[in-house]
Amino acid sequence: MSIKELQQGFATKAIHAGEDPDFREGATGDVVAPIHLSTTFAREKVNVPTAGYEYVRSLNPTRKALETKLAALENADYGLAFSSGLAAETTLLTALLKSGDHIVAFDDLYGGTKRLFNNIFNNYNIDVTFVDATDVSLVEKAILPQTRLIWIESPSNPLLKICDIAKIATLADAHKLVLVVDNTFLSPYFQKPLALGADIVVHSSTKYIGGHSDVLGGALLLNNPDYYEKLQYHQNAIGAVLSPFDSYLTLRGVKTLALRMEQHQQNAFSVAGYLLQHPKVKKVIYPGLESHPQHALAKAQSTGFGGILSFEIAGNQSDAKAFLERLRIIALAESLGGVESLIELPSVMTHSSVPKEIRKQVGITDTLIRFSTGIENVSDLIADIEQALK
Ligand SMILES: *Cc1c(COP(=O)(O)O)cnc(C)c1O
């Protein structure tokens, strides 16, 4: 049996894929992919790059190890690693679209993705129509003759709305459109959009994949060889690549993804349960709760609900600020997906650029709080929340 055939389980792949020890003559059998800092690779013959390597931007062995591992985790044929999630997104858009093309996108996307569409690609005559993609008929209605791409995220941020990925994939297929799914929130451990029919998966590996709030990165995972060739060409031409050192940190972080995601989720359930019974908490949004309007869909298309939850506390924005500023263990910070718990106030922090009327319309109230549950002892997290709510 080949090594690849033996690497079946998610945790096994997270630890071993892309890092099989090299026993060839002169190699040292490292169990961890070495950090190859060399920016160029010498060759013996003018026409033959050594082992396919020419120059660090085009390809580097440490980045390649990470790309192989991330592809294995999404059950994808191909993977590419970028210097950030937004670098991955930019490369995708430039590789697959041209001036005059149109995108249909979920109106509850990550703010940075919206900014990229509205303030950058807009200048290159690429238009976007934002729709509530939880209703597939609205996605269909927004498709124009020049539409090339559908872009969704599920669960969304910070309202944790769920899109029916398989239904939207069927629609994309019927109209010959590329379906892109940002899978950052659940990670490949809990959700595999390619298996549900998506064409390209996007990750901000800064979040759960890296997992330790110490490395910025992004990735694209896919099965289509033509798209892969285009993306690889654009990645090299644009230069949005992940550095060897950051590739190493991400490789190191992702090895524990399975363990971490299980603990994030277990802690999220416990915190959600605590918040639900607290008199000062008005509402708890977590896809794992039966009270979540799309709980059944979340359960059907994912193998878990992740570690992010949102909740609304009674009172006004000052009460929400006072609560957040009283927390001692839980860090008041943007970002998510790290081992440490991170909490924030979307109306003032991550989503302050969304106009107030729109925030109100979609449900991002002044006291809505987003919590990225870490993997600390949950009793300590609950005690921190309890003292801060007093
Ligand atoms: C953070 C994030 C991004 C952007 O990734 P960066 O690594 O910060 O560039 C994209 N999508 C989602 C859902 C994110 O949370």
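Rules of the game
- Residues numbered from 1 in each chain as written.
- Predicted model: local features only at pLDDT ≥ 70, side-chain atom pairs only at ≥ 80, totals over all residues.
- Heavy atoms only, no water.
- Helix = DSSP H or I, 4+ residues; strand = E, 2+ residues; numbered from the N terminus.
- Contact = heavy atoms within 4.5 Å.
- Polar contact = N/O pair within 3.5 Å; in protein donor to acceptor, adjacent residues only side chain to side chain.
- 1 Å grid on protein atoms, 1.4 Å probe; cavity = no way out; pocket = protein on both sides within 12 Å on 5 of 7 lines; lining within 4 Å.
- Points joined across faces, edges and corners; volume = space filled by probe spheres on them.
- Domains from an automatic or database assignment.
- Buried area = accessible area lost by both parts, 1.4 Å probe.
- Salt bridge = Lys/Arg side-chain N within 4 Å of Asp/Glu carboxyl O.
- Nonpolar A, V, L, I, M, F, W, Y, C, P; charged D, E, K, R; others polar.
- Pairing = 2+ DSSP bridges.
- Axes fitted to C-alpha atoms, helices over the stretch in contact; angles between N-to-C directions.
- Phe/Tyr/Trp six-rings, centres within 6.5 Å; stacked < 30°, edge-to-face > 60°.
- Lys NZ or Arg CZ within 6 Å of the ring centre and 35° of its normal.

**Considerations on the environment of Ser 99**
Within the secondary structure layout, Ser 99 lies in the loop between α4 (85–96) and β2 (102–106). Apart from the residues lying within four places of it in its own chain, the contact partners of Ser 99 are Tyr 124, Asn 125 and Ile 126. Side-chain polar atoms of Ser 99 contact the side chain of Asn 125, separated by 3.2 Å.

**Some words on empty space enclosed by the protein**
Tallied over the full model, the rule gives one cavity of 30 Å³ or more. The computed volume of the largest cavity comes to approximately 30 Å³. Every residue along the wall of the largest cavity is listed here: Pro 155, Leu 160, Phe 185, Leu 186, Pro 287, Phe 305, Gly 306, Gly 307 and Ile 308. A domain split of the lining of the largest cavity shows at least three residues from each of domain 1 (3–254) and domain 2 (257–389).

**Structural notes on the domain arrangement of the protein chain**
Each assigned domain of the protein chain is listed with its residue range as follows: domain 1 (3–254) and domain 2 (257–389). Of note, the centres of domain 1 and domain 2, computed from C-alpha atoms alone, are 27 Å apart. Each partner contributes to the interface: domain 1 provides 32 residues, whereas domain 2 provides 39 residues. Counting the surface lost from both domain 1 and domain 2, the interface buries some 2,900 Å², and carbon and sulfur atoms represent 61% of this. Seen at the junction of domain 1 and domain 2, the total is zero salt bridges. Summed over the shared surface of domain 1 and domain 2, the result is 17 residue pairs in polar contact (both at pLDDT 80 or more). With four residues, helix α8 (residues 187–190) is the single largest residue contributor to the side of domain 1 that touches domain 2. Residues of the side of domain 1 that touches domain 2, tallied by class, amount to 19 nonpolar, 10 polar and three charged.

**Quick word on the sheet that holds strand β4 (residues 147–153)**
Across a sheet, strands are paired by hydrogen bonds formed along the backbone, either parallel or antiparallel in direction. If you trace the seven strands from one edge of the open sheet to the other, you get β1-β7-β6-β5-β4-β2-β3, paired in mixed fashion. The outermost strands of the open sheet, each flanked by one partner alone, are β1 (78–82) and β3 (127–131). Direction aside, the axes of adjacent strands within the sheet are offset by 20 degrees on average. Bridge analysis of strand β6 (residues 200–204) against strand β7 (residues 218–222) gives five bridges, and the strand direction is antiparallel. Bridge pairing in β7 places Val 202 opposite Leu 220. Helix α5 (residues 111–120) rests against β2, β3 and β4 of the sheet, and its axis sits at about 140 degrees to β3.

**Here's the deal with the packing of aromatic side chains**
A complete count under the given rule lists 12 aromatic pairs for this structure. Over the aromatic face of Phe 130 sits the side chain of Lys 114, whose NZ or CZ is 5.3 Å from the ring centroid.

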